[in-house]
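Chain by chain, the residues:
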Amino acid sequence: MTDHEEHEETAPASATDPRSDAELDAIAEAEVEGLPVSTDAALRTKPGAGGRFQGAIDAVLPRGRFGDQRDILGGAGQNVIGLAAGVLTTFATQVIMTRGLGPALFGVVTLTTQFAFIASTATRFGMDVANVRLVAILVGRGESGRTRPLVRTSAIIAGVISVLVGVAVILLADRLSTAFVSPTYHDQGVVAFDAAGVAIPFAALTWVYLGATRGLKIMRHTLYIFWIGQPLGWIAIAVVGWIFAKTAGVTAFAYAASWAIACGFAWWAWERETRGFDARTEGAGIPEERTGALMKFGVLRAPATLFAQLLFWIDTFVLAAYKSSAEVGVYGATVRTGQSLLLFLTSLSLVFSPFVADLHYRGEKDKLDALYKNVTRWGLATTLPILLALAILPGTIMRVYGPRFVLGASALEILIIGLIVPVIVGTVGFILIMVGRTGWDLLVYVASFVVAVGVAVLLVPTYGMRGAAIAEAVTLTLSAFARLLLVKRFVDIWPFDRWFLRLIPPALAGAVVMWAVHAVLAGPKWLIDLTLSISAGTLAYGVVLLWIGLKPGERATALALIRRLLGRTPNPPGPVAAG
């Protein structure tokens, strides 16, 4: 049984329901105001079943009634853990590489590895997104057996295209190094671009298979394989390679090897999750799963994906054309640091995408609108502590990479202005794709790319890193608002409601505390300053968020979950108030 079928088959409470009218009213209020709260003792997990955390979740949000909410919250919960590890892993990777290679060589590595990743996003030909959308729809229709042939076809399409492009990059490595790498490091640039060509097909196929598992509404494989595993593999292989030669080429080939390993695990995860699906092929399928339709989808999606990645890195490539590799290295670390603002939004988008495809296909607009509002607000609420840290402690944060990287602090302050806008409007890009509006999505990307290049070429020669940051901030802001309006027009859903305003007091409280602690501790002991300032500000933000920023149902759910985890809920438990 699929999750939404299980949700739909849940029967309403009977007239003999022993719960009081007041308790039922509280549950109804929670269902309207936020996440529903269960007080049905019969649905609670037995002590020790599935662990204390699983038991607490089952008690507060039983799957029989709240399947979609459970899946989204479960994916989001995994994201919190996975992203925490992923951010730390990526951060550690950058710190080790910047300190081990220095700004110039790190600049070469940044250019070539990002070139490989950008190329892989285009050469997967939209098959990762097609898998998310079509797997979700087919499973929702009860035709799960059709998903395995679909994914095999999409993998062949992406594999052929990415291999051809990878070979072309290897053949053009000398010219690419001449165009983007300083003459001093030309030879290392050639080797690094060779490695990029090797990495492209492995990265493309990794995302094709991970997209398929996300279509099953399973997020953990993306978290473990992409967010955590690939960066860890990269740095581990690179450190071993540095024993023989600490060069950009060795580091880039370590990047390629990490993607090869990730690809193997992604394929294994898909095969493992779909064992037995071949036995269930009921129904005639949908037109979009045919090879011709997949190719047509890819024709629109591949350039859109390419432009999507270029928007985040075109300013870096323009900077490389005008400034030194050392400045590119500093700015590369700055961009990666600023993009931490998008990590939780990206992960929520990956979790939310199959729900968008499924609900839109079934015509459940009101449910989609409600989930969109909640997901957007959750994403912003989770991202605000990161925004505060980057805004209040930019120099201290960049100091982690080394003293020379503090020069990127002013560029970081500019970047975060544009990077927070996509978080505020939510998963608009993924929504357009999941409802089939890929042509409009491509149009926005093309227009944004033109703006990004124009502003960067205008400002970078004079203002260097700050000019590149302005180009990025302007472009991200305009493209986010354009997609927001398109989602409103075509899907008629909107992310904002009065509860967004409740996030202002927690943000102000966190900012004041973080700034005050930083003002006291600023000095040579920068690591203590960084740790305590962020910790104190985040704690203040969390307390005020729980007190003021959540909906009544959400606050009741959070408090009930905390009490269950602490073992303080009486047995049998009493009703949970809705706030």
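Residues numbered from 1 in each chain as written. Predicted model: local features only at pLDDT ≥ 70, side-chain atom pairs only at ≥ 80, totals over all residues. Heavy atoms only, no water.

1. Here's the deal with the overall build of the protein
Moving on, step 1. Within the protein one finds 22 helices and 0 strands.
Moving on, step 2. Going through the 579 residues of the protein one by one, you find that 56% of them count as buried.
Moving on, step 3. In the protein, the share of contacts with a sequence separation of at least 24, taken over all contacts with a separation of at least 6, comes to 81%.
Moving on, step 4. On the protein, roughly 23400 Å² of surface is accessible, and the fraction owed to carbon and sulfur atoms is 68%. (Helix = DSSP H or I, 4+ residues; strand = E, 2+ residues; numbered from the N terminus. Buried < 20%, exposed > 50% of the residue type's maximum accessible area, 1.4 Å probe, protein only. Contact = heavy atoms within 4.5 Å. Areas by Shrake-Rupley, 256 points an atom, 1.4 Å probe, with all protein chains shown as cover.)

2. A short note on the packing of aromatic side chains
Given two aromatic rings, one states the distance between the centres and the angle between the planes to describe the pair.
Moving on, step 1. On inspection of all chains with the given rule, the structure shows 14 aromatic pairs.
Moving on, step 2. Counting every residue linked through ring pairs, the aromatic cluster contains Phe117, Trp207, Phe226, Trp227, Trp234, Tyr255 and Trp259.
Moving on, step 3. Directly above the ring of phenylalanine 355 sits lysine 217, whose terminal nitrogen or CZ lies 4.3 Å from the centroid.
Moving on, step 4. Taking the ring centre of tyrosine 445 as reference, the NZ or CZ of arginine 483 above it sits at 3.9 Å. (Phe/Tyr/Trp six-rings, centres within 6.5 Å; stacked < 30°, edge-to-face > 60°. Lys NZ or Arg CZ within 6 Å of the ring centre and 35° of its normal.)

3. Quick notes on the packing of helix α20 (residues 504-521) against helix α21 (residues 526-549)
Two packed helices can be described by the angle between their axes and the distance between those axes.
Moving on, step 1. Put simply, α20 and α21 touch, their axes get as near as 7 Å, and they point 160° apart. One way to sum up the angle between α20 and α21 is to call them roughly antiparallel. Read as a crossing pair, α20 and α21 show a hand that is right-handed.
Moving on, step 2. Across the contact of α20 with α21, the residue classes tally to 17 nonpolar, 6 polar and 1 charged. (Axes fitted to C-alpha atoms, helices over the stretch in contact; angles between N-to-C directions. Parallel < 35°, antiparallel > 145°, perpendicular 65-115°, else oblique. Left-handed = near helix turned anticlockwise from the far one by under 90°. Nonpolar A, V, L, I, M, F, W, Y, C, P; charged D, E, K, R; others polar.)

4. Concerning unusual backbone geometry
Moving on, step 1. With phi around 60°, phenylalanine 125 is a residue other than glycine that occupies positive phi space.
Moving on, step 2. As for its position among the elements, phenylalanine 125 is in the loop between α4 (67-123) and α5 (127-140).
Moving on, step 3. Positive phi is not limited to glycine here, since lysine 217 has a value of about 65°.

5. Structural notes on α21
Moving on, step 1. Among all positions in α21, only Trp526, Asp529, Leu530, Ser533, Gly537, Ala540, Tyr541, Val544, Leu545 and Gly549 are buried.
Moving on, step 2. Tucked inside the fold, the buried residues of α21 contact α14 (365-392), α15 (394-398) and α20.

6. Some remarks on the confidence of the model for the protein
Moving on, step 1. With 79% of its residues at a pLDDT of 70 or more, the protein shows a mean pLDDT of 80.
Moving on, step 2. Between the elements of the protein, mean pLDDT differs from a low of 35, seen in helix α2 (residues 21-33), to a high of 96, seen in α20.
Moving on, step 3. A low-confidence stretch, residues 1-51 (pLDDT under 50), is modelled with 86 contacts involving residues beyond four sequence positions or located in other chains.
Moving on, step 4. Low pLDDT (under 50) marks residues 570-579, which in the prediction has 19 contacts with non-local residues, meaning those over four places away or in another chain. (pLDDT = per-residue confidence, 0-100.)

7. Quick word on the environment of alanine 540
Moving on, step 1. For alanine 540, the position within the fold is in helix α21.
Moving on, step 2. Note: C-alpha distance between alanine 540 and glycine 510 (30 residues apart in sequence) is 5.2 Å.
Moving on, step 3. Each residue touching alanine 540, except ones within four places of it in the same chain, is listed here: Ala509, Gly510 and Val513.

8. Some points on the pattern of salt bridges
Moving on, step 1. Using the criterion set out here, one finds 15 salt bridges in the structure.
Moving on, step 2. Among the ionic pairs, glutamate 143 bridges to arginine 146, the shortest N-O distance being 3.9 Å.
Moving on, step 3. Overall, glutamate 143 belongs to the buried group, its relative accessible area being 4%.
Moving on, step 4. When its relative accessible area of 24% is taken as the criterion, arginine 146 is described as partly exposed. (Salt bridge = Lys/Arg side-chain N within 4 Å of Asp/Glu carboxyl O.)

9. So, a nonpolar patch on the surface
Moving on, step 1. On the surface, Ile170, Val191, Val198, Phe202 and Phe253 cluster together into a nonpolar patch covering about 350 Å² of accessible area.
Moving on, step 2. With 3 residues, the top contributor of residues to the nonpolar patch is helix α8 (residues 186-215).
Moving on, step 3. Mapping isoleucine 170 onto the fold places it in helix α6 (residues 147-171).
Moving on, step 4. Relative accessible area serves as the criterion here: at 36%, isoleucine 170 is assigned to the partly exposed category. (Patch = residues over 30% accessible without salt bridge, like charges linked within 9 Å, V, L, I, M, F, W, Y side chains within 5 Å.)

10. Remarks on the packing of α14 against α20
Moving on, step 1. The interhelical angle for the contact between α14 and α20, taken along N-to-C directions, is 35°, at an axis separation of 10 Å. When you trace α14 past α20, the crossing you get is right-handed. From α14, Leu384, Pro385, Leu388, Ala389 and Ile392 reach across to α20, where they touch Ala507, Gly510, Ala511, Met514, Trp515 and His518.
Moving on, step 2. Classifying every residue of the contact of α14 with α20 gives 9 nonpolar, 2 polar and no charged.

11. Quick notes on helix α18 (residues 438-463)
Moving on, step 1. Under the 1.5 Å per step criterion, the end-to-end length of α18 is 35 Å for 26 residues, consistent within 8% with the ideal 38 Å.
Moving on, step 2. The principal kink in α18, of about 30°, is found at valine 457, preceding the proline proline 461 by one to four residues.
Moving on, step 3. When α18 is considered as a whole, its buried residues turn out to be Thr438, Asp441, Leu442, Val444, Tyr445, Ser448, Phe449, Ala452, Val455, Ala456, Leu459 and Val460.
Moving on, step 4. Contacts made by the buried residues of α18 are with α11 (291-322), α17 (428-434) and α19 (465-490).
Moving on, step 5. Directly after α18, the chain includes glycine 464, whose backbone phi takes a positive value near 60°. (Expected span 1.5 Å × (residues − 1). Bend = angle between axes of the 7 residues up to and from the residue.)

12. Topic: the environment of alanine 411
Moving on, step 1. Note on placement: alanine 411 falls in helix α16 (residues 409-425).
Moving on, step 2. Overall, alanine 411 belongs to the buried group, its relative accessible area being 0%.
Moving on, step 3. Considered as a pair, alanine 411 and valine 330 are 81 residues apart in the sequence and their alpha carbons are 10.0 Å apart.

13. Describing the side chain of serine 258
Moving on, step 1. Residue position: serine 258 is located in helix α10 (residues 248-273).
Moving on, step 2. Not counting residues within four places of it along the chain, the set of residues in contact with serine 258 comprises Gln230, Gly233, Trp234 and Ile237.

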